[in-house]
Amino acid sequence: MAETVLITGVSSGLGHGLAEVFLERGATVYGCSRRKPQGLVDKGMRFASIDLGNAAGGGSALKEWIAPVSRFDLVILNAGKLGQIRDMQDAPLEDLRGTMEVNVWSNKWMLDVLFERVSMVKQVVAISSGASLSGSRGWNGYSISKAALNMLIKLYAGERPDTHFTSLAPGLIDSAMQDYLTNLPADDRFEPLEILKAAKGTEQMPDGKVCAKKLIDAFPSLLDLQSGGYADIRKL
Ligand SMILES: NC(=O)c1ccc[n+]([C@@H]2O[C@H](COP(=O)([O-])OP(=O)(O)OC[C@H]3O[C@@H](n4cnc5c(N)ncnc54)[C@H](OP(=O)(O)O)[C@@H]3O)[C@@H](O)[C@H]2O)c1
């Protein structure tokens, strides 16, 4: 696999698994996050520490980092922030803004820099979530941000016919995000918590690397779908 791939959020969970599997399959991998995953760097990943919550600093770091690249076969917009599970009325505006900054707007400025600096981006997969559609009580800013991400991707697809775009829900992943959710006390208001607690430790919730293999095998088939659409790996 002589592909060049860019992945955001490589320090843990799904992003770490994606980077690891692509490296094992011989791809050139550009990976960013705030924390440095030394094991992936030792395996040859080209890493940049970029805070996706900081558009001004992040944009210039991104330009410098990708300067040697003229083509990305695949860009995976994976980094994401959950925020706290609580009712909408209890969610501080600042917290919601912070979630939108990472889960939505960072992907806008990243795509803008990529299209300005790289002559070819073949495929973009934005990691979305079933929460973008479900609107479950408590998933406040996360659900809003993932719904907005789906629309951001659709809008870019309309502007960029030479690049194929998908928003992809990856299913459940046993990651830091799920550690937080499954350790919350039971609360009747937030129904999905019981389902997640039951899935933890079972094959319903694979680790980042197992999930990454499934996704990587599915990426080529996404090209057959209409660009800009939403797909769920569990339904492909
Ligand atoms: N886990 C699930 O069951 C599940 C289900 C549906 C969708 N998803 C989606 O899958 C994706 C991966 O989630 P995960 O479960 O693997 O979560 P995770 O283990 O918490 O990893 C999140 C990644 O995003 C990066 N990130 C967060 N804030 C960032 C920031 N400000 N700047 C740069 N990077 C940042 C983190 O890196 P640093 O902290 O080092 O910056 C980390 O590498 C997310 O988009 C999530 O919404 C997850």
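Quick caveat: nothing in here was measured; it's all calculated off a predicted structure. (Residues numbered from 1 in each chain as written. Predicted model: local features only at pLDDT ≥ 70, side-chain atom pairs only at ≥ 80, totals over all residues. Heavy atoms only, no water.)

Colleague: Got a minute to help me understand the nonpolar core in this structure?
Modeller: Generally speaking, soluble globular proteins have nonpolar side chains that are buried together. In this structure, Leu 6, Trp 65, Ile 66 and Phe 72 are the most contacted members of the largest nonpolar core, which totals 31 residues. Those elements giving two or more residues to this core turn out to be strand 2 (28-33), helix 3 (55-65), strand 4 (71-77), helix 4 (93-117), strand 5 (120-127) and helix 6 (140-159). Here this core gets seven residues from one element, more than from any other, and that element is helix 4. Not counting residues up to four positions away in its chain, the partners in contact with Phe 72 are Thr 4, Val 5, Leu 6, Tyr 30, Ile 66, Leu 114, Val 118, Met 120, Val 121 and Lys 122. Grouped together as the second largest cluster of nonpolar side chains are 29 residues, Val 5, Leu 40, Phe 47 and Leu 168 included. (Core = buried A, V, L, I, M, F, W, Y, C linked by side-chain atoms within 4.5 Å. Buried < 20%, exposed > 50% of the residue type's maximum accessible area, 1.4 Å probe, protein only. Helix = DSSP H or I, 4+ residues; strand = E, 2+ residues; numbered from the N terminus. Contact = heavy atoms within 4.5 Å.)

Colleague: Which parts of the structure should I look at to understand the confidence of the model for the protein?
Modeller: Close reading of the predicted structure is inappropriate where its pLDDT is low. Looking at the protein, pLDDT values average 98 and 100% of them are 70 or higher. Highest mean pLDDT in the protein belongs to strand 6 (residues 164-169) (99); lowest belongs to helix 3 (96). (pLDDT = per-residue confidence, 0-100.)

Colleague: Where do I start with the layout of surface pockets in this structure?
Modeller: Space left empty within the atom packing is revealed by a probe, the size of a water molecule, rolled over the atoms. Roughly 1,200 Å³ of internal volume is contained in the largest pocket. Along the walls of the largest pocket sit 46 residues, with Gly 80, Leu 82, Tyr 142, Ser 175 and Met 177 positioned nearest its centre. If you list the elements that add at least two residues to the lining of the largest pocket, you get helix 1 (13-24), strand 2, helix 5 (131-134), helix 6, helix 7 (176-182) and helix 8 (192-199). Ranked by residues supplied to the lining of the largest pocket, first place goes to helix 7 with five residues. A per-class count over the lining of the largest pocket returns 22 nonpolar, 17 polar and seven charged. Volume-wise, the second largest pocket comes out at about 150 Å³. Lining the second largest pocket are 11 residues, and of these Glu 3, Leu 74, Gln 123, Phe 219 and Pro 220 sit closest to its centre. Elements with a contribution of two residues or more to the lining of the second largest pocket: strand 4, strand 5 and helix 9 (208-222). By residue number, the principal contributor to the lining of the second largest pocket is helix 9, which donates three residues. (1 Å grid on protein atoms, 1.4 Å probe; cavity = no way out; pocket = protein on both sides within 12 Å on 5 of 7 lines; lining within 4 Å. Points joined across faces, edges and corners; volume = space filled by probe spheres on them. Nonpolar A, V, L, I, M, F, W, Y, C, P; charged D, E, K, R; others polar.)

Colleague: Sorry if this is basic, but what is going on with the pattern of salt bridges here?
Modeller: Pairs can form between side chains of opposite charge whenever their charged atoms are close. Counted according to the given criterion, the structure contains 16 salt bridges. A salt bridge links Arg 97 to Glu 94; the nearest nitrogen and oxygen atoms lie 3.0 Å apart. Note that Arg 97 and Glu 94 are positioned in helix 4 at a spacing of three residues, about one turn of the helix. Overall, the relative accessible area of 55% leaves Glu 94 in the exposed class. The salt bridge involving Asp 187 is made with Arg 189; its shortest N-O contact spans 2.8 Å. (Salt bridge = Lys/Arg side-chain N within 4 Å of Asp/Glu carboxyl O.)

Colleague: Would you mind showing me how to read the packing of aromatic side chains here?
Modeller: Between two aromatic rings, the relevant description is the distance of the centres plus the angle of the planes. Tallied over the entire structure, the rule returns four aromatic pairs. Between the aromatic rings of Tyr 30 and Trp 65, the centroid separation amounts to 5.5 Å while the plane-to-plane angle is 65 degrees, which identifies the pairing as edge-to-face. On the criterion of sequence distance, the pair formed by Tyr 30 in strand 2 and Trp 65 in helix 3 is long-range, its members being 35 residues apart. In this pair, the class of Tyr 30 matches that of Trp 65, namely buried. Note on Phe 115 and Phe 165: the rings are 6.3 Å apart at their centroids and 50 degrees apart in plane angle, and the pair reads as tilted. Here Phe 115 is found in helix 4, whereas its partner Phe 165 is found in strand 6, with 50 residues between them in sequence. Both residues of the pair, Phe 115 and Phe 165, count as buried. One cation-aromatic arrangement involves Arg 160 over Phe 115; the distance from NZ or CZ to the ring centre is 4.2 Å. (Phe/Tyr/Trp six-rings, centres within 6.5 Å; stacked < 30°, edge-to-face > 60°. Lys NZ or Arg CZ within 6 Å of the ring centre and 35° of its normal.)

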